[in-house]
Amino acid sequence: MELYESIRLQQEDIINQNKASIIITRTTRTPSADGGYTISTTTKASQDVRIYAKNTRTLTVDDGGYHASRITKMIAKYDADIIGESATNKDTFTYGAKTYVVRDVKDIYTQGYIVFKECEIEEVS
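First things first, this report covers the structure right here in the doc. All values reported here derive from a predicted model rather than from experimental measurement. (Residues numbered from 1 in each chain as written. Predicted model: local features only at pLDDT ≥ 70, side-chain atom pairs only at ≥ 80, totals over all residues. Heavy atoms only, no water.)

A separate point is unusual backbone geometry. Keep in mind that most residues, glycine aside, have a negative phi and that most peptide bonds are trans. For Gln111, which is not a glycine, the phi torsion comes out positive at approximately 55°. With respect to the helices and strands, the residue Gln111 is situated in the loop between β7 (98-110) and β8 (113-123). The class for Gln111 is partly exposed, based on a relative accessible area of 45%. (Helix = DSSP H or I, 4+ residues; strand = E, 2+ residues; numbered from the N terminus. Buried < 20%, exposed > 50% of the residue type's maximum accessible area, 1.4 Å probe, protein only.)

To continue, consider the pairing of β7. As defined by bridge partners, strand β6 (residues 89-95) adjoins β7 across four bridges and the pair is classed as antiparallel. Bridge pairing in β7 places Thr94 opposite Thr99. Counted along the chain from β6 to the antiparallel partner β7, the turn is two residues long, and its residue Gly96 has a positive phi close to 65°. The sheet contact formed by β7 and β8 spans 10 bridges and is antiparallel. Each bridged residue has a counterpart across the sheet, and for Tyr109 the counterpart in β8 is Ile114. (Pairing = 2+ DSSP bridges.)

Next up, the structure:
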């Protein structure tokens with residue numbers, strides 16, 4: 001068994017230890033001929049992920065002073081259909097009573113293969 005296959009199996013085991021099944025709603029903006037945008041929404045098939053709170057905090061400074069927010073992360077399988085937020089795409093999902101937006105997706109590589117995806121998510125409601 002190759003190293004990347006072993007890591008994929010380990011990540012699948014980690015996900016299954018505290019699995020969350022989510023359904024991604026993807027909103028896509030494409031430029032239209034009149035200078036505006038066309039917005040379309042699609043729903044992706046259910047995917048198994050693991051959602052967890054990272055022990056680090058992010059400090060933000062604004063007019064109200066300092067604000068600390070705890071980072072919520074998610075790991076997904078190497079072939080998960082998840083895209084980070086951009087000017088043209090936005091992935092959201094509901095888990096429990098909370099709705100999240102996927103802010104960033106980082107592909108983790110070993111031996112040139114994606115072995116899992118690490119996502120930063122934010123609760124929006």
